[in-house]
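Each chain, written out:
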Amino acid sequence: MQKLLPDDPSDRQLVAHVHPDDWVNPEPKLRYHLVVIGGGTAGLVSAAGAAGLGAKVALVERDLLGGDCLNLGCVPSKALLRSAKAAHDARSANRFGVPHAEGDIDFAEVMMQMRALRAGIAHHDSARRFRDLGVDVYLGAARFEGADAIDVGGATLRFKKAVVATGARASAPPIPGLADVPYLTNETLFSLTSLPRSMLVVGAGPIGVEMAQAFARFGSEVTLVDVESRVLPRESEDASAIVGRALDADGVRLLLPVSELAFRQDGDVTRVSLDVDGKRRELSVERVLVAAGRKPNVEGLGLEDAGVRFDPRTGVVVDDTLRSVTNRNVFAAGDVASKFQFTHTADAHARIVIRNALFGLLPKQKASDLVVPWVTYSDPEVAHVGHGPESAAAAGIELETFRVSLDAVDRAILDRDTDGFLDVHVRAGSDEIVGATMVARHAGETISELTTAIVHGIGLGELASVIHPYPTQAEAIKKAADAYNRTRLTPLAKRLLGFLMGRA
């Protein structure tokens with residue numbers, strides 16, 4: 001089992017919930033309706049949902065229940081981001097006519113609070129809670145021993161259906177010298193107890209951007225590098241530019257794009273050499289954070305013995321119903337079988353698996369029908385759902401885009417957060433919403449309204465009739481809807497209205 005460090009009282013409290021030392025695995029039932037391998041989000045939701053429907057369910061976890069999200073991902077990272085945002089707001093309070101704070105951040109206290117908050121949430125994912133829900137919880141390594149059986153520590157779990165929900169892990173790119181330096185990933189970053197004086201972050205995707213900004217706000221000298229020419233390359237250029245400006249304002253040094261990156265350890269210092277703008281540069285940093293790649297957890301599961309096809313780079317090969325293409329009794333869900341590696345996608349996958357695995361006579365649900373929003377929790381946040389211009393063009397969809405700049409939204413003006421926008425993309429000639437991007441401090445909280453509209457076929461014009469509280473950043477959606485409705489006012493309609501007004 002992976003040991004959490006620094007192994008303080010909060011860490012021990014968490015482990016007591018999600019991998020208790022005194023846990024005794026139950027005696028296996030003759031046959032389970034569903035055996036779930038992996039106790040992250042996809043596995044937990046699959047197990048709890050199936051047990052709630054009366055199925056006999058076994059859940060196997062070799063490490064910590066709760067998976068990456070609770071222990072090494074969403075929960076600890078967002079706790080750090082909130083502390084970093086508080087530090088930033090305190091330092092910049094004079095923007096609001098309030099005396100600003102000075103002095104160093106107590107990083108040890110920040111990390112201690114993060115671990116305490118994480119431990120306080122852990123009971124939701126605890127072994128005892130799932131046992132009380134009717135799930136047989138097994139702590140240990142699972143391995144298929146045939147097409148319909150799984151071994152856990154010498155015990156055989158026979159199943160009608162199984163789901164592989166083993167998630168993914170950080171994967172370091174093959175950079176010369178990197179393996180010889182003590183680099184950090186999300187699996188070790190949250191064990192820090194002292195603030196690095198300097199940090200190089202490799203990877204300008206969501207994790208790299210979020211942590212670069214956070215550690216810069218804590219007081220580290222942060223350099224962010226990537227082979228791409230801009231941060232958040234999956235997002236639009238406008239969204240990327242705004243986040244880049246925010247990082248620059250927070251003191252993050254952006255070196256984009258870089259090539260010929262190489263590392264060398266020199267005592268307590270990591271030497272870094274790279275090419276940027278055609279020039280060779282040398283850096284010295286205290287710590288390196290690698291946030292550039294994920295790898296599915298498929299090794300050691302005996303998938304070959306179960307006749308389950310998998311790819312070491314992309315995970316278990318499944319059809320659109322999340323069923324293995326080579327073993328009809330095995331499904332896969334979450335990061336081990338998805339290009340969308342988000343906790344909320346894993347949750348959605350689990351609900352699909354429950355229906356498709358346990359209710360064979362019902363119409364099958366399809367993963368391709370999911371409308372998946374995502375959020376990068378930088379400051380400002382970037383939230384996206386559905387198509388953007390590039391993906392729409394690839395799908396043969398002609399778009400019309402309605403943009404609202406935050407400098408036209410009163411709440412953003414009052415909050416001094418006007419560097420952002422909302423883009424709502426509709427199918428040309430209609431008000432059918434096919435995608436949206438928002439860059440704003442509360443974009444992640446706002447995007448769900450547009451996701452709901454896409455899922456339930458609510459047109460942009462209809463959103464104009466929804467009363468949005470004033471003042472909120474979500475008013476940007478109403479402004480976009482009003483802009484769409486103004487396009488429906490044809491020249492003929494304008495002349496008719498003018499005629500009627502003239503008669504009044």
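Structure shown above.
The structure displayed is predicted, hence computed values, not measured ones.

Q: Looking at this model, I keep getting lost on the pattern of salt bridges. Mind explaining?
A: Side-chain pairs of opposite charge can arise where the charged atoms are in close proximity. Scanning the entire structure with this criterion turns up 28 salt bridges. Each of Asp89, Arg217, Asp250, Asp379 and Arg441 takes part in one network of salt bridges that share partners.

Q: Just checking my understanding: could you explain unusual backbone geometry for this structure?
A: The step from Leu5 to Pro6 runs through a cis peptide bond, and the omega angle for that step is 15°. Relative to the assigned elements, Pro6 resides in the segment before α1 (9–18). Here the phi dihedral of Leu322 falls at roughly 70°; this positive angle occurs in a residue that is not glycine. Considering the arrangement of structural elements, one finds Leu322 in the loop between β17 (315–316) and β18 (330–332). A positive phi angle, near 60°, is found at Arg416, a position not held by glycine.

Q: Hey, could you run me through the side chain of Arg441 in this one?
A: One can find Arg441 in the loop between β23 (433–440) and α13 (443–455). Within polar-contact distance, the side chain of Arg441 engages the side chain of Asp89 at 2.9 Å. At 2.9 Å, the side chain of Arg441 forms a polar contact with the side chain of Asp379.

Q: Help me understand helix α2 (residues 41–52) in this model?
A: Within an α-helix, residues lying three or four positions from one another point in the same direction, as the helix has 3.6 residues per turn. Counted at 1.5 Å a residue, the expected span for α2 with its 12 residues is 16 Å, and the 16 Å between its end C-alpha atoms agrees. For α2, the complete set of buried residues consists of Thr41, Ala42, Gly43, Leu44, Val45, Ser46, Ala47, Ala50 and Ala51.

Q: Can you walk me through the packing of helix α4 (residues 74–91) against helix α5 (residues 107–121) in this structure?
A: Each pair of packed helices gets described by two things: the angle between the helix axes and the distance between those axes. Packing of α4 against α5 brings their axes to within 9 Å, and their N-to-C directions diverge by 135°. Between α4 and α5, the crossing angle belongs to the class labelled oblique. For the element pair α4 and α5, the recorded crossing hand is right-handed. Along the contact surface, α4 presents Val75, Pro76, Ala79, Leu80 and Ser83, while α5 presents Val110, Met111, Met114, Leu117, Arg118 and Ile121. For the contact of α4 with α5, the residue count by class is 9 nonpolar, 1 polar and 1 charged.

Q: Please explain a nonpolar patch on the surface as it appears in this structure.
A: A contiguous nonpolar patch, built from Leu53, Phe359 and Leu362 and spanning about 260 Å² of accessible area, is present on the exposed surface. In this structure, Phe359 sits in the loop between α10 (343–358) and β19 (374–376).

Q: It is not clear to me how the environment of Arg294 should be interpreted in this structure. Could you clarify?
A: Tracing the backbone through its elements, the reader meets Arg294 in strand β15 (residues 294–296). In the structure, Arg294 is positioned 49 residues away from Thr343 in sequence and 14 Å away in space, judged by C-alpha atoms. Those residues in contact with Arg294 that sit more than four places away from it in its chain are Asp68, Ala168, Arg169, Ala170, Ser171, Asn186, Asp335 and Gln341. A distance of 2.9 Å separates polar atoms of two side chains, one belonging to Arg294 and the other to Asp68. At a separation of 3.0 Å, a polar atom in the side chain of Arg294 contacts the main-chain carbonyl oxygen of Ala168.

Each value, and the rule that gives it
- Residues numbered from 1 in each chain as written.
- Predicted model: local features only at pLDDT ≥ 70, side-chain atom pairs only at ≥ 80, totals over all residues.
- Heavy atoms only, no water.
- Salt bridge = Lys/Arg side-chain N within 4 Å of Asp/Glu carboxyl O.
- Helix = DSSP H or I, 4+ residues; strand = E, 2+ residues; numbered from the N terminus.
- Polar contact = N/O pair within 3.5 Å; in protein donor to acceptor, adjacent residues only side chain to side chain.
- Expected span 1.5 Å × (residues − 1).
- Buried < 20%, exposed > 50% of the residue type's maximum accessible area, 1.4 Å probe, protein only.
- Axes fitted to C-alpha atoms, helices over the stretch in contact; angles between N-to-C directions.
- Parallel < 35°, antiparallel > 145°, perpendicular 65-115°, else oblique.
- Left-handed = near helix turned anticlockwise from the far one by under 90°.
- Contact = heavy atoms within 4.5 Å.
- Nonpolar A, V, L, I, M, F, W, Y, C, P; charged D, E, K, R; others polar.
- Patch = residues over 30% accessible without salt bridge, like charges linked within 9 Å, V, L, I, M, F, W, Y side chains within 5 Å.
- Areas by Shrake-Rupley, 256 points an atom, 1.4 Å probe, with all protein chains shown as cover.

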